[in-house]
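Chain and residue survey
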Amino acid sequence: MIERYPVLSKLCLLAALALLFGSALLRAERDELLSRIDSYPHTELVERTEAQVIDHEVGLGALQKVRGLWRFKSSERLTGTLIRYTWQVIDGFSSEEVFQQLAASVEKLPDAKQLFDCQGLSCGHGSQWATRVFRQRILYGRNADQHYRVYSLGPGAEHRLLVYAAVRTADRQYLHVELLSVTE
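None of these values were measured; they are calculated from a predicted model.

With respect to the side chain of Arg160
- Locating Arg160 in the fold gives a position in strand E7 (residues 159-169).
- Looking at Arg160, the relative accessible area reads 8%, which means it is buried.
- When neighbours within four sequence positions are excluded, Arg160 is seen to be in contact with Glu76, Leu78, Leu115, Tyr151, Ser152, Glu178, Leu179 and Leu180.

Laid out in structure tokens, this is it:
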């Protein structure tokens, strides 16, 4: 599988390393990361945003409806810089393949710690992930084909990496990644 995605593997490693070496390096590497992903032949950038967030909720559990409100079973609230990327996976590749390759690259990092993982129906309703959590309607897909994972990165857990894969149809598959650089 690594040979099938050599550019993605390198770019995932660059993204994770950038997170570990501070905000100045993060800015430079982030721009390079974006250009490498844009040049990856089997993904197309749909949207990229960057914002300062206060008490941003990171889901560490499935979405569930409690007394009429959708909530995470478990979560944490963090403040910092949030960068969001959404790509469409094209050319017959699946979002699950790209998701698994990205996860494998991140898990090789020395300070990476997986905080939560779910797939399929165990994540909750895909429509809620798409609209309430990520605010990306195009991520709405089949509940059985979704994947979500959260990592803590850095020796002091200074960063969170969220990865979500969604399948609308065979030709409309998406990967959504969020990089949150935590500040005090």
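Let us keep going from here.
A closer look at the side chain of His176
- Looking at the secondary structure, you find His176 in strand E8 (residues 172-182).
- Leaving out residues up to four positions away in the same chain, His176 has contacts with Arg84, Tyr85, Thr86, Phe134, Gln136, Leu139, Leu162, Val163 and Tyr164.

A short note on helix H4 (residues 126-133)
- Of all the positions in H4, only Gly126, Gln128, Trp129, Ala130 and Val133 are classed as buried.
- Of the residues trailing H4, Arg135 is marked for its positive phi of about 55°.

So, the state of the cysteines
- Scanning the model with the defined rule gives one disulfide in all.
- Note that Cys118 is cross-linked by a disulfide to Cys123, the S-S spacing being 2.1 Å. Linking Cys118 and Cys123, the disulfide has an S-S dihedral of approximately 115° and is accordingly described as right-handed. Accessibility classification places Cys118 together with Cys123 in one group, the buried group.

Comments concerning the pattern of salt bridges
- Summed over the entire model, instances satisfying the criterion amount to seven salt bridges.
- A salt bridge links Arg48 to Glu50; the nearest nitrogen and oxygen atoms lie 3.4 Å apart.
- You can call Arg48 partly exposed: its relative accessible area is 27%.
- In this structure, Arg77 engages Glu57 in a salt bridge whose closest nitrogen and oxygen atoms are separated by 3.5 Å. You can see Arg77 sitting in strand E4 (residues 75-89) and its partner Glu57 sitting in strand E1 (residues 43-59), a full 20 residues away along the chain.
- In this structure, a network of salt bridges that share partners links the residues Glu107, Asp117 and Arg149.

Notes on the pairing of E7
- Counting buried positions along E7 gives nine out of 11 residues, so the element sits mostly inside the fold.
- Here seven bridges tie strand E6 (residues 147-153) to E7, and the two strands are oriented antiparallel to one another. For Ser152, the partnering residue across the bridge sits in E7 and is Arg160.
- Joining the antiparallel neighbours E6 and E7 is a turn of five residues, in which Gly154 adopts a positive phi near 100°.
- Where E7 and E8 come together, 10 bridges link them in antiparallel fashion. Of the residues in E8, the one forming a bridge with His159 is Ser181.

Here is what the cut-offs are and how they apply
As a convention, each chain's residues are numbered from 1 in the sequence order in which they are written. Per-residue local features of the predicted model are confined to residues with pLDDT of at least 70, and side-chain atom pairs are confined, for both listing and counting, to 80 or more; whole-chain, interface and lining totals are unaffected and use all residues. Heavy atoms throughout the structure, all of them, feed into the side-chain values; hydrogens and water do not. Runs of E in the DSSP output that reach at least two residues are strands. Runs of H or I that reach at least four are helices, and both are numbered from the N terminus. For the exposure calls, accessible area comes from a 1.4 Å probe over protein chains only, and a residue counts as buried if that area is under 20% of its type's maximum, exposed if over 50%, partly exposed in between. We call two residues in contact whenever any of their non-hydrogen atoms come within 4.5 Å of each other. Two cysteine sulfur atoms form a disulfide, by the criterion used here, when they sit within 2.5 Å. The salt bridge criterion pairs a side-chain nitrogen of Lys or Arg with a carboxyl oxygen of Asp or Glu, the two atoms within 4 Å. Should DSSP find at least two bridges between two strands, the strands are regarded as paired.

The analysis is restricted to geometry; functional conclusions fall outside its scope.
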